[in-house]
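# Structure at a glance
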Amino acid sequence: QVQLVESGGGLVQAGGSLRLSCAASGSIFSRAIMGWYRQAPGKQRELVATITRSGNTNYADSVKGRFTISRDNAKNTVYLQMNSLKPEDTAVYYCNADLRSPSFWGQGTQVTVSS
């Protein structure tokens, strides 16, 4: 079975930091573009950041300079380091493994930033 497991969400104060982790099976991780998406209440799911197998990254304008996506190929894990968190970052964050067809999603982890 496909495995895509997230961790690291929680409640933090504005200006604080969190690091999200997403562990994937090696057969998927070695071939996938990995990404983080988020969905706030009443809003559609949106791209946060992506990272290719070679390490090229892409970020939403709203998180540039504050969030960093990285991957550890030895551990089959992708990370999202979130600094200078704002209340508007509050959302469920989802890990994605994109093989084009199919694309796999994690279960989501809640991030809540208090003002």
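These remarks concern the structure in this document. (Residues numbered from 1 in each chain as written. Predicted model: local features only at pLDDT ≥ 70, side-chain atom pairs only at ≥ 80, totals over all residues. Heavy atoms only, no water.)

## Observations regarding the nonpolar core
One broad rule of soluble globular proteins: the nonpolar side chains tend to lie buried together. One finds Met34, Trp36, Val78, Leu80, Met82 and Tyr93 to be the most contacted residues of the largest nonpolar core, which totals 31 residues. Counting only elements with at least two residues in this core, the list comes to strand E3 (18–24), helix H1 (26–29), strand E4 (33–39), strand E5 (46–51), strand E7 (67–72), strand E8 (77–82), strand E9 (91–98) and strand E11 (109–114). (Core = buried A, V, L, I, M, F, W, Y, C linked by side-chain atoms within 4.5 Å. Buried < 20%, exposed > 50% of the residue type's maximum accessible area, 1.4 Å probe, protein only. Helix = DSSP H or I, 4+ residues; strand = E, 2+ residues; numbered from the N terminus.)

## Notes on the state of the cysteines
What we call a disulfide is simply a covalent bond connecting the sulfur atoms of a pair of cysteines. Under the defined criterion, the tally for this structure stands at 1 disulfide. Across the disulfide from Cys22 sits Cys95; the S-S distance is 2.0 Å. Torsion about the S-S bond of the Cys22 and Cys95 cystine: about -85°, corresponding to left-handed handedness. Separated by 73 residues along the polypeptide, Cys22 in strand E3 and Cys95 in strand E9 bring together distant segments of the chain. Look at Cys95 and you get buried, because its relative accessible area is 0%. (Disulfide = S-S within 2.5 Å.)

## Regarding the packing of aromatic side chains
Evaluation of the coordinates by the stated rule reveals 1 aromatic pair. With a centroid separation of 5.0 Å and 65° between ring planes, the pair formed by Tyr37 and Trp105 is classed as edge-to-face. Here Tyr37 is found in strand E4, whereas its partner Trp105 is found in strand E10 (residues 103–105), with 68 residues between them in sequence. Look at Trp105 and you get partly exposed, because its relative accessible area is 38%. Sitting over the ring of Tyr94, Arg45 keeps its end group 3.7 Å from the ring centre. The ring of Trp105 has Arg45 lying over it, and the distance from NZ or CZ to the ring centre is 4.6 Å. (Phe/Tyr/Trp six-rings, centres within 6.5 Å; stacked < 30°, edge-to-face > 60°. Lys NZ or Arg CZ within 6 Å of the ring centre and 35° of its normal.)

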